[in-house]
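# Examining the three-dimensional arrangement
As a plain string of letters, each chain reads:
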Amino acid sequence: MKQGHYMTIEKAFKGYKRNLAALRSYPYPYVSGVDYSKPRVTGDGYKNGQEQMIWSCIDKKDELEKQVKLVEEVVKWLEIEGHGRDRYIYFRYTKEYGHLRACEETGISERMGRYWKNDIFGKAEIIGERLGIFN
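All residue numbers here refer to positions counted from 1 along the written sequence of the relevant chain. In keeping with the predicted nature of the model, local features appear solely for residues at pLDDT of at least 70, side-chain atom pairs appear and are counted solely at 80 or more, and the whole-chain, interface and lining totals rest on all residues. Side-chain metrics in this entry use all non-hydrogen atoms of the structure; hydrogen atoms and water are not considered.

A few words now on the packing of aromatic side chains. Centres within 6.5 Å make a pair out of two Phe, Tyr or Trp rings, where for Trp the six-membered ring is used; the pair is then stacked when the planes are under 30 degrees apart, edge-to-face when over 60, and tilted otherwise. Scanning all chains against the criterion turns up 5 aromatic pairs. Ring centres of Phe 13 and Tyr 93 lie 5.3 Å apart, and the angle between their planes is 50°; this geometry places the pair in the tilted category. Highlighted residues: Phe 13 in helix 1 (residues 3–14) and Tyr 93 in helix 4 (residues 85–94), separated in sequence by 80 residues. For the pair Phe 13 and Tyr 93, a shared accessibility class is recorded, and that class is buried. Consider the rings of Phe 91 and Tyr 97, whose centres lie 5.8 Å apart with planes at 10°: the pair is stacked. With respect to class, Phe 91 is no different from Tyr 97; both count as buried. Here the aromatic cluster, defined as three or more aromatic residues joined through ring pairs, consists of Tyr 6, Phe 13, Tyr 93 and Phe 121. Distance and angle both matter: a charge sits over a ring if NZ of Lys or CZ of Arg is within 6 Å of the ring centre and within 35 degrees of the ring normal. It is Arg 101 that lies over the ring of Tyr 97; its NZ or CZ is 3.9 Å from the centre. A cation over a ring is seen here: Lys 123 above Trp 77, with NZ or CZ 5.2 Å from the ring centre. Runs of H or I in DSSP of at least four residues are treated as helices and runs of E of at least two as strands, each being numbered from the N terminus. Type-normalised accessible area, obtained with a 1.4 Å probe on protein chains alone, sets the label of each residue: buried when under 20%, exposed when over 50%, and partly exposed for intermediate values.

Here the focus is helix 4. Along helix 4, 7 of the 10 residues are buried, which leaves the element largely enclosed by surrounding structure. Along helix 4, the positions that sit buried rather than exposed are Arg 85, Asp 86, Tyr 88, Ile 89, Phe 91, Arg 92 and Tyr 93. Trailing helix 4 by a residue or two, Glu 96 shows a phi angle of about 60°, which is positive.

To continue, consider the nonpolar core. Here the nonpolar core consists of buried residues drawn from Ala, Val, Leu, Ile, Met, Phe, Trp, Tyr and Cys, with membership extended through side-chain atoms lying within 4.5 Å. Counting 30 residues, the largest nonpolar core has Ile 9, Phe 13, Leu 70, Val 74, Tyr 88, Ile 89 and Ile 120 as its most contacted members. Only heavy atoms enter the contact rule, under which two residues are in contact if any of them lie within 4.5 Å. In this view, Val 74 contacts Phe 13, Ile 89, Ile 120, Ala 124 and Ile 127; residues no more than four positions away in its chain are not counted.

With respect to the secondary-structure elements, Lys 123 resides in helix 6 (residues 110–131). On the basis of relative accessibility, which here comes to 11%, the residue Lys 123 falls in the buried class. Setting aside anything within four residues of it in sequence, one finds Lys 123 in contact with Trp 77, Leu 78, Glu 81 and Arg 85.

So, in structure tokens, the structure goes:
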């Protein structure tokens, strides 16, 4: 797994709760009218501030949606497979327990927890490629 992919996946999993809350209360920009009271002469370098703000907002929301979708898709995949790895994700990233406590709550050894994390991130890389997260 590439280092950049690992960091992106870890960021998505660690920030899952925060990203989900941010999406639920995401502010939408509003468009106001244009002031036509004075003439404006602009050159080629003119940038529409409102348009830039809206595009920026859309890009940020799109990134948050992709990160949340990544985690949810991985959890769905692991629920279908069984083995309890979805419970490890729940305790580790949703409940925000440390690695040892998440392993203890799941009923596995620390070594098995590291193996599961590598397996989870491997599956997340496959799903992330399909979602276009690494572009």
